Amino acid sequence: AQSVTQPDIHITVSEGASLELRCNYSYGATPYLFWYVQSPGQGLQLLLKYFSGDTLVQGIKGFEAEFKRSQSSFNLRKPSVHWSDAAEYFCAVGSGNTGKLIFGQGTTLQVKP
Amino acid sequence: KAGVTQTPRYLIKTRGQQVTLSCSPISGHRSVSWYQQTPGQGLQFLFEYFSETQRNKGNFPGRFSGRQFSNSRSEMNVSTLELGDSALYLCASSFLLAVPGDEQFFGPGTRLTVL
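Every value quoted in this text rests on a predicted model; they were computed, and no experiment measured them. (Residues numbered from 1 in each chain as written. Chains lettered and ligands numbered in written order. Predicted model: local features only at pLDDT ≥ 70, side-chain atom pairs only at ≥ 80, totals over all residues. Heavy atoms only, no water.)

Trainee: Can you break down the sheet that holds strand 3 (residues 19–24) of chain B residue by residue, with the values?
Mentor: Residues and elements named next belong to chain B. Pairing is antiparallel in the open sheet, where four strands are placed in the order 1-3-8-7. The sheet is open, and its two edges are formed by strand 1 (5–7) and strand 7 (64–68), each paired on a single side. When strand polarity is set aside, the average angle formed by the axes of neighbouring strands in this sheet is 20°. As paired strands, strand 1 and strand 3 are joined by three bridges and run antiparallel to one another. (Pairing = 2+ DSSP bridges. Helix = DSSP H or I, 4+ residues; strand = E, 2+ residues; numbered from the N terminus. Axes fitted to C-alpha atoms, helices over the stretch in contact; angles between N-to-C directions.)

Have a look at this one:
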């Protein structure tokens, strides 16, 4: 069965520091992988997605993610975090040939001034 | 272009009642999916509609139902509400059949509280 694991429930980083959020997936075929961000009281906004090709994917707001098939991982990174990046981040995998997304439990990012 | 809109944004109901939530997709989008978000279970897929047809359904009891209209607007209905139905209900729309390559745009959600 497809699944997504985000090992870190809560992460705190200082403003200006680098960030890496971990995501591991279990999927039988070629995965379609996504990272979404959710600010309090808001819906989900797509940061980036991976379908095929270059394993390093660039997204919005300075985020990037690297797909590593051998490790079943799709970690999200940002070189320098801003206070406005504080939010909840969700990794998701596309399921089969439908629009159904399977989400991880999310990682809450807190940014210290 | 207006985003996905969901109404109402907040709703308070009591156990045993029923509720209907509405979702208007982005203009031109034909696919609508619904998700339930709770602190304990996270984001869980409810169902997906394309051209008025339900093409996928998550693992939820039959109390949860939905439909899509010819203008792509969608509604979901929850009957006989239980306390555990308290959640943020998110709607997402996409242009084509919502295959994995098709970006889904999420609305702000409807916060349902069951007392």
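Moving on from the coordinates now.
Trainee: Could you give an account of the state of the cysteines, with specific residues and numbers?
Mentor: All names here are of chain B. According to the stated counting rule, one finds two disulfides over all chains in the structure shown. Here Cys-23 connects covalently by a disulfide to Cys-91, the sulfurs 1.7 Å from one another. On the sign convention where negative means left-handed, the S-S torsion of about -55° between Cys-23 and Cys-91 marks this disulfide as left-handed. Placement of Cys-23 in strand 3 and of Cys-91 in strand 9 (residues 87–94) is noted, with a sequence separation of 68 residues between them. You can call Cys-23 buried: its relative accessible area is 0%. (Disulfide = S-S within 2.5 Å. Buried < 20%, exposed > 50% of the residue type's maximum accessible area, 1.4 Å probe, protein only.)

Trainee: Can you explain the nonpolar core? Please cite residues and give values.
Mentor: Counting residues in hydrophobic clusters, the biggest one holds 28 residues, and the most contacted among them are Trp35(A), Leu48(A), Phe74(A), Leu76(A) and Tyr89(A). When residues of this core are traced back to their parent elements, those giving at least two are strand 2 (10–14), strand 3 (19–21), strand 5 (33–38), strand 6 (44–50), strand 8 (64–68), strand 9 (73–78), strand 10 (87–94) and strand 12 (107–112) of chain A. It is strand 10 of chain A that provides the largest number of residues to this core, a total of four residues. Ranked by size, the runner-up nonpolar core spans 21 residues in total, among them Phe47(B), Met76(B), Ala87(B) and Tyr89(B). (Core = buried A, V, L, I, M, F, W, Y, C linked by side-chain atoms within 4.5 Å.)

Trainee: Please provide a residue-by-residue account of the interface of chain A and chain B, values included.
Mentor: Across the boundary between the two partners, chain A contributes 21 residues, which contact 22 residues of chain B. Between chain A and chain B lies a buried interface of about 1,700 Å² when both sides are counted; carbon and sulfur atoms form 54% of it. Counting across the interface, chain A meets chain B through zero salt bridges. The set of elements that each furnish at least two residues to the side of chain A that touches chain B consists of strand 5, strand 6, strand 10 and strand 11 (101–103) of chain A. A per-class count over the side of chain A that touches chain B returns nine nonpolar, ten polar and two charged. (Contact = heavy atoms within 4.5 Å. Buried area = accessible area lost by both parts, 1.4 Å probe. Salt bridge = Lys/Arg side-chain N within 4 Å of Asp/Glu carboxyl O. Nonpolar A, V, L, I, M, F, W, Y, C, P; charged D, E, K, R; others polar.)

Trainee: Pulling in residues and values, what's your account of unusual backbone geometry?
Mentor: The peptide bond linking Thr7(B) to Pro8(B) adopts the cis configuration, its omega dihedral lying at -10°. In this fold, Pro8(B) is placed in the loop between strand 1 and strand 2 (10–13). Even without being a glycine, Ser72(A) presents a positive backbone phi close to 50°. Residue position: Ser72(A) is located in the loop between strand 8 and strand 9. Assessed through its relative accessible area of 27%, Ser72(A) is described here as partly exposed. Even without being a glycine, Thr80(B) presents a positive backbone phi close to 45°. Tracing the backbone through its elements, the reader meets Thr80(B) in the loop between strand 8 (74–78) and strand 9.

Trainee: Let's hear about the packing of aromatic side chains: which residues, and what values?
Mentor: Ring pairs (aromatic) are described by centroid distance and by the angle formed between their planes. Residues and elements named next belong to chain A. Counted by the stated rule, this structure contains 16 aromatic pairs over all chains. Seen in terms of ring centroids, Tyr-50 and Phe-74 are 6.3 Å apart; in terms of plane orientation they differ by 45°. Their pairing is tilted. You can see Tyr-50 sitting in strand 6 and its partner Phe-74 sitting in strand 9, a full 24 residues away along the chain. We note that Tyr-50, like Phe-74, is buried. (Phe/Tyr/Trp six-rings, centres within 6.5 Å; stacked < 30°, edge-to-face > 60°.)

Trainee: Lay out the environment of Asn75(A) in plain terms, naming residues and giving numbers.
Mentor: Residues and elements named next belong to chain A. Here Asn-75 shows up in strand 9. Distance from Asn-75 to Trp-35, taken between C-alpha atoms, is 9.1 Å for residues 40 residues apart in sequence. Excluding residues that lie within four positions of it along the chain, Asn-75 makes contacts with Glu-20, Leu-21, Arg-22, Cys-23, Trp-35, Glu-64, Ala-65 and Glu-66. At 3.3 Å, the side chain of Asn-75 and the side chain of Glu-20 are in polar contact. From its side chain, Asn-75 meets the backbone nitrogen of Cys-23 in a polar contact 3.0 Å long. (Polar contact = N/O pair within 3.5 Å; in protein donor to acceptor, adjacent residues only side chain to side chain.)

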